[in-house]
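Descriptive analysis of the structure
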Amino acid sequence: MSFAERYGPWAVVAGASAGLGAAFARELAARGCSVVLVARRPDPLASLAASLPRPTVTVAADLSTAEGLAAVTAATADLEVGLVVANAAYSPIGPFLGTPLADAQRAVDLNCVAPMALAHHYLPAMVDRGHGGFVVMSSLAGLQGSPPISAYAATKAFGAILAEGLWAELRTTGVDVVTCVAGAVATPNLAQAKARQAPGTQTPEQVVRAALGGLGHGPRVVPGALMRVSSAVMSRLLPRRTAIQIIARASRDLTA
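Residues numbered from 1 in each chain as written. Predicted model: local features only at pLDDT ≥ 70, side-chain atom pairs only at ≥ 80, totals over all residues. Heavy atoms only, no water.

The tendency in soluble globular proteins is for nonpolar side chains to be buried as a group. F24, L28, L37, L83 and V135 are the most contacted members of the largest nonpolar core, which has 35 residues in total. In contact with L28, not counting residues within four places along its chain, are F3, A11, V13, C33, V35, L83, V85 and L212. Core analysis: the second largest hydrophobic core is formed by 28 residues, A61, V72, Y122 and V177 among them. (Core = buried A, V, L, I, M, F, W, Y, C linked by side-chain atoms within 4.5 Å. Buried < 20%, exposed > 50% of the residue type's maximum accessible area, 1.4 Å probe, protein only. Contact = heavy atoms within 4.5 Å.)

A separate point is the packing of aromatic side chains. A full pass over the atoms with the stated rule returns one aromatic pair. Arranged with centres 4.9 Å apart and planes meeting at 55°, the rings of F3 and Y7 form a pair that is tilted. You can see F3 and its partner Y7 sitting in helix α1 (residues 3-7), four residues apart, about one turn around the helix. Among the residues examined, Y7 registers a relative accessible area of 5% and is labelled buried. A cation over a ring is seen here: R31 above F3, with NZ or CZ 4.8 Å from the ring centre. Of note, R106 hangs over the ring of Y90, and the distance from its end group to the ring centre comes to 4.5 Å. (Phe/Tyr/Trp six-rings, centres within 6.5 Å; stacked < 30°, edge-to-face > 60°. Helix = DSSP H or I, 4+ residues; strand = E, 2+ residues; numbered from the N terminus. Lys NZ or Arg CZ within 6 Å of the ring centre and 35° of its normal.)

This paragraph deals with the sheet that holds strand β3 (residues 56-60). Strand order in this open sheet of seven strands is β3-β2-β1-β4-β5-β6-β7, and the pairing throughout is parallel. At either margin of the open sheet sits one strand with a lone partner, and together these are β3 and β7 (220-221). Bridge count between strand β6 (residues 175-182) and β7: two bridges; the pairing is parallel. Considered in β7, the bridge of T179 is made with R220. Along the sheet face, helix α2 (residues 19-30) touches β1 (10-14), β2 (34-39), β4 (81-86) and β5 (132-139) and points at about 170° away from the line of β1. Contacts from helix α6 (residues 150-170) reach β5, β6 and β7, with the element oriented near 155° to β6. (Pairing = 2+ DSSP bridges. Axes fitted to C-alpha atoms, helices over the stretch in contact; angles between N-to-C directions.)

Pairing of β2 with β3, which is carried by five bridges, proceeds in the parallel orientation. Bridge pairing in β3 places V35 opposite T56. In this view, the connection linking β2 to its parallel neighbour β3 by way of helix α3 (residues 42-51) has right-handed handedness. (Right-handed = clockwise from strand over helix to strand, strands pointing away.)

A separate point is α6. With 21 residues, α6 extends 31 Å between its outermost C-alpha atoms, agreeing within 8% with the 30 Å of an ideal straight helix rising 1.5 Å per residue. Residues of α6 that are buried: A151, Y152, A153, T155, K156, G159, A160, A163, L166 and L170. Contact partners of the buried residues in α6: α5 (101-129), β5, β6 and β7. (Expected span 1.5 Å × (residues − 1).)

In this fold, K156 is placed in helix α6. For the buried residue K156, which engages in no salt bridge, the nearest side chain bearing the opposite charge is D62, 14 Å off. Here the side chain of K156 touches M137 through a polar contact of 3.0 Å, landing on its backbone oxygen. (Lys, Arg positive; Asp, Glu negative; His and termini not counted. Salt bridge = Lys/Arg side-chain N within 4 Å of Asp/Glu carboxyl O. Polar contact = N/O pair within 3.5 Å; in protein donor to acceptor, adjacent residues only side chain to side chain.)

A few words now on the side chain of S138. Tracing the sequence through the fold places S138 in strand β5. In contact with S138, not counting residues within four places along its chain, are K156, A160, T179, C180, V181 and A182.

In terms of burial, β1 is largely enclosed, as five of its five residues are buried. In the sheet, β1 pairs with β2 via five bridges, with the strands oriented parallel. Paired with A14 across the strands is V38, a residue of β2. Between the parallel elements β1 and β2, the chain passes through α2 in a crossover that is right-handed. Here β1 runs beside β4; their pairing, made up of five bridges, is parallel. Bridging from a neighbouring strand, V13 pairs with V85 of β4.

Structure follows, in structure tokens:
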């Protein structure tokens with residue numbers, strides 16, 4: 001089966017307005033999938049849709065709300081969705097006690113509840129058809145406590161573990177689930193948040209190719225050789241206290 005036959009004809013990309021999400025949309029269209037683009041801002045979605053060579057549907061919706069999730073499922077009710085990319089995310093930056101609880105709650109709703117809801121909605125039909133895929137974007141920040149993005153890091157740990165469990169539950173059904181645990185990615189959000197680019201920073205296109213290439217090859221993929229080494233060292237070799245201290249020093253620019 002070609003990629004589009006296995007994971008098409010339609011793919012839903014959550015968080016598609018820029019950066020990784022836009023790169024996913026372009027790569028999926030290039031591989032023959034029609035794409036449902038989901039994000040809060042309608043103008044970037046329309047611009048991206050106009051640039052893609054395949055049919056598209058745009059859904060301007062906030063996936064941290066029940067109404068936003070309902071808008072996506074309604075827009076795709078008559079489409080055969082063979083792939084979902086759960087890429088939408090929110091990261092409150094700063095000391096946890098200095099962050100409004102509403103910000104942390106939004107991170108949980110968008111980064112945890114939304115992927116779980118999308119999986120629960122779209123995966124049953126894929127299982128019935130005997131093929132399909134689901135990608136959950138995670139982060140190396142979720143491998144340990146990560147001040148000053150403690151809530152975000154915790155949500156990324158949730159997403160990775162959810163995807164790994166779904167991979168195990170569905171691996172005999174023909175449906176592939178993978179979590180892509182990315183390190184630093186050269187996106188507009190990173191450029192706004194950090195003054196310096198971290199060693200091993202990947203382009204969105206590199207991360208997308210790694211994520212899609214991981215489908216059907218195990219529960220987890222870490223893009224980039226340096227990031228794979230970093231992941232192994234931080235999660236397996238270093239004491240937790242040391243790993244947390246290292247990530248705290250590496251994240252100082254976020255609040256500079």
